[in-house]
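# Structure at a glance
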Amino acid sequence: MPIAINYKNNNSKKNMINLILFVDEKFNISTLRKHISSQEYSFISDLIKSTDLKKKIITFDISSKRKLILVALNKNITNSGAEKLGAKFYDLFKDSKKNEYILNSDSISAVSKNLVGYFVHGLRLKSYVFEKYKTKKSKNNISITVIGKNKPSSKDLIRFKAIEEGTFFTRDLVSEPGNVLHPDEYAKRLSSLKKDGLKINIYDEKKLKKMGMNTLLGVGQGSIRGSYLVTMEWNGLKDKSKPLAFVGKGVCFDTGGISLKPAKFMEDMTYDMAGSAVVVGLMKSLALRKAKINAVGVVGLVENMPGGNALRPGDILKSYSGKTVEVLNTDAEGRLVLADALTYTEEKFKPKFIVDLATLTGAIIVSLGSEYAGLFSNDDKLSNQLISAGENIEERVWRMPLNKNFDKLIDSKNADMQNINYVGGAGSTTAAQFLQRFILNKTPWAHLDIAGMAFSKYGGALNSGGATGYGVRLLNKLIEDHYE
Ligand code: BES
Ligand code: ZN
Ligand code: ZN
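Described in the following lines is the structure provided in the data block.

What counts, and at which threshold
- Residues numbered from 1 in each chain as written.
- Chains lettered and ligands numbered in written order.
- Predicted model: local features only at pLDDT ≥ 70, side-chain atom pairs only at ≥ 80, totals over all residues.
- Heavy atoms only, no water.
- Donors = N, O, S within 2.8 Å, 3.2 Å for Na, K, Ca; no water.
- Tetrahedral: all angles 85-135°; square planar, octahedral: opposite > 155°, others 65-115°.
- Helix = DSSP H or I, 4+ residues; strand = E, 2+ residues; numbered from the N terminus.
- Buried < 20%, exposed > 50% of the residue type's maximum accessible area, 1.4 Å probe, protein only.
- Salt bridge = Lys/Arg side-chain N within 4 Å of Asp/Glu carboxyl O.
- 1 Å grid on protein atoms, 1.4 Å probe; cavity = no way out; pocket = protein on both sides within 12 Å on 5 of 7 lines; lining within 4 Å.
- Points joined across faces, edges and corners; volume = space filled by probe spheres on them.
- Nonpolar A, V, L, I, M, F, W, Y, C, P; charged D, E, K, R; others polar.
- Near = heavy atom within 4 Å.
- Polar contact = N/O pair within 3.5 Å; in protein donor to acceptor, adjacent residues only side chain to side chain.
- Areas by Shrake-Rupley, 256 points an atom, 1.4 Å probe, with all protein chains shown as cover.
- Sits in = over half its atoms within 2 Å of the grid points.
- Pairing = 2+ DSSP bridges.
- Axes fitted to C-alpha atoms, helices over the stretch in contact; angles between N-to-C directions.
- Contact = heavy atoms within 4.5 Å.
- Parallel < 35°, antiparallel > 145°, perpendicular 65-115°, else oblique.
- Left-handed = near helix turned anticlockwise from the far one by under 90°.

Turning to the coordination of the zinc ion (ligand 2), a few remarks are in order. Distances from the zinc ion (ligand 2) to its protein donors, Asp254 (OD), Asp331 (O), Asp331 (OD) and Glu333 (OE), fall at 2.0 to 2.2 Å. One way to put it: the 6 donor atoms around the zinc ion (ligand 2) meet at angles of 71 to 167 degrees, and that makes the site irregular. Read in sequence order, the donor residues coordinating the zinc ion (ligand 2) give the pattern D-x76-D-x1-E. Separating the zinc ion (ligand 2) and the zinc ion (ligand 3) is a distance of 3.2 Å, and Asp254 donates to both of them. In this pair, Asp254 sits in strand 9 (residues 244-254) while Glu333 sits in the loop between strand 12 (324-327) and helix 10 (334-349), placing the two residues 79 residues apart along the sequence. In terms of burial, Asp254 and Glu333 fall into one category: buried.

Here it is in structure tokens:
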């Protein structure tokens, strides 16, 4: 970061700076003759004989000013394969001193797949760092000028940029600490999305009270900050057809409340608003690329704090749906926020489907680690669409069961239900069963428990650690493949 990518037809400095060229998986360099001088060609044809060709990216130092970098593309390379090569390129060269490159797209033979676009996209996604609070910023500026004919079209460039900006917006929100991104500040930032063409409605505590959103309000009542429900509408079809709905848990900080978390499990809870941030980033992407769909994002923003006015274990709340909830554990707060947000979304927008995202349970990390989000759904078609979108762009989901026998476990003696399961076990499923009780009209619904996916200590294929932005690309792909 920062990465500068330019697209040009030619570059006069072409022979003086680093050059990136694509070759086939066997490093058959004869195709490169026309792109480099004959001295350079014989230089690398000699050296390549003693090079380990198992690597996908090989560098030749031509002079102190110029490296030739060969990137090998398999015959069957996929878009995400090209993204991962871009990310690998970033990792290899992010600390180099001379970081100016020409990428000659004419060295690619398989044009149709838009591989240059995906390569650069992967590189950019990987290059994100959150250094707002570092007084010394990292210096690695990479500049790539893409020349030649096989460049992405301007339409593709808009699409890539929209996904990148949406993902980065999500990562920025997730990375902010709780003292900065509290619900008041979060609501303000969402209001700024009007400039991208989204219709934003912010419901504050006073309005929410009138509407009867008492489970959402209950979670926030121990905090000095406000509680909010924010809706973001994108009307890409310019008609009244049913929107796709995305709902997110936005707990800006989760102390657990009166059922206080131990310190070891509390420090990470700045990312307990990741579900909402994915919804926000997705909505921003849809607006930036002017997606031909109607969609709505709904987020519940609260801070879960202990305090004189906080919820007590045993308190009973009446939700927006009318159903009553006994709060046995104030740390099972995400489901209380989502309960009201789900019923409201279904009733107000009558969507085609609802997908909710939440860092809902520690138990899903026990089950699936950081490889899959947990998927719980009342609808096979929607589930399969999510599974295949996830496999395709490598943000995977794994379907988990829902069943009336699990549902029984949240029946309460004193109210319609309780917010934790009384026998223990299947913690992610009983949380999902709780959510399902707030879908009142059988709308196709999928819940993604992203507790293990939202934040990465060590980094993944397309992120360098920290907030991953997991979910933005998944849902964007779901929309592109099935609804646009
Ligand atoms: N925000 C947490 C879940 C979580 C844990 C997210 C670890 C990310 C990483 C959630 O609000 C919570 O505290 N859940 C409890 C539920 C329990 C009290 C039934 C949990 O998972 O322990
Ligand atoms: Zn909690
Ligand atoms: Zn939480």
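From this point on, the discussion continues.
Below, the discussion takes up the pattern of salt bridges. One pass over the structure, following the stated rule, counts 27 salt bridges. Across the salt bridge formed by Lys94 and Asp91, the nearest N and O atoms sit 3.4 Å from each other. Glu233 is paired through a salt bridge with Lys199; the nearest N and O atoms lie 3.9 Å apart. With a gap of 34 residues between them, Glu233 in strand 8 (residues 228-235) and Lys199 in strand 7 (residues 199-203) connect regions that are remote in the sequence. Classification of Glu233 by relative accessible area gives buried; the value is 18%.

Quantified by volume, the largest pocket comes out at close to 780 Å³. What lines the largest pocket is a set of 32 residues, and nearest its centre among them are Lys261, Thr361, Gly362, Ala363 and Ile365. Elements supplying a minimum of two residues to the lining of the largest pocket: strand 9, helix 8 (263-266), helix 10, helix 11 (363-368), helix 14 (427-436) and strand 18 (455-456). Grouping the constituent residues of the lining of the largest pocket by class yields 11 nonpolar, 11 polar and 10 charged. Here the second largest pocket is characterised by a volume of approximately 500 Å³. Elements with a minimum of two residues in the lining of the second largest pocket: helix 2 (79-93), helix 4 (154-175) and strand 18.

This next bit is on the site of ligand 1. For ligand 1, the set of nearby residues contains 17 residues, the closest of which are Lys261, Asp272, Asp331, Glu333 and Gly362. Take Lys261: an N or O atom from its side chain is 2.7 Å from an oxygen atom of ligand 1. Between Gly362 and ligand 1, the recorded distance is 2.7 Å, taken from a backbone N or O atom to an oxygen atom. Contact with the protein chains covers 77% of the free accessible surface of ligand 1, which is 520 Å². Here ligand 1 is seated within the largest pocket. Taken together, the residues that form the shell around ligand 1 break down as 6 nonpolar, 4 polar and 7 charged.

This part covers the sheet that holds strand 10 (residues 294-304). On the basis of which strands lie adjacent, the open sheet formed by 8 strands has the order 7-8-10-9-13-17-14-15 and mixed pairing. Strand pairing shows two members of the sheet lacking a second neighbour, strand 7 and strand 15 (397-399), which therefore form its edges. Between one strand axis and the next, the sheet turns through 20 degrees on average, direction left out of account. Bridge count between strand 13 (residues 353-358) and strand 17 (residues 445-449): 5 bridges; the pairing is parallel. Bridging across to strand 17, Leu357 finds its partner in Leu448. Where helix 12 (residues 380-393) meets the sheet, it contacts strand 13, strand 14 (373-377), strand 15 and strand 17, and its direction lies at approximately 150 degrees from that of strand 15.

Right, let's talk about the packing of helix 2 against helix 3 (residues 115-127) for a bit. Running from N to C, helix 2 and helix 3 point in directions that differ by 50 degrees, and their axes come no closer than 6 Å. Here helix 2 lies oblique to helix 3, going by the angle between them. For the crossing formed where helix 2 meets helix 3, the hand is right-handed. Residues Asn79, Ala82, Glu83, Leu85, Gly86, Ala87, Phe89, Tyr90 and Asp91 of helix 2 form the contact with helix 3, whose own contacting residues are Leu115, Tyr118, Phe119, His121, Gly122, Leu123, Lys126 and Ser127. Class assignment of the residues belonging to the contact of helix 2 with helix 3 gives a composition of 9 nonpolar, 5 polar and 3 charged.

As a further point, take the environment of Phe253. Structurally, the position occupied by Phe253 is in strand 9. In this structure Phe253 comes out as buried when scored by relative accessible area, which is 16%. Apart from the residues within four sequence positions on either side, Phe253 is in contact with Met266, Met269, Thr270, Val302, Glu303 and Asn304.

In space, the 6 strands of this open sheet follow the order 1-6-5-2-4-3, with mixed pairing throughout. Here the strands that pair on one side only, and so sit at the sheet edges, are strand 1 (3-7) and strand 3 (57-61). Averaged over neighbouring strand pairs, the angle between their axes works out to 25 degrees when direction is ignored. Relative to strand 6 (residues 142-147), strand 1 runs parallel, the two sharing 5 bridges. Bridging across to strand 6, Tyr7 finds its partner in Val146.

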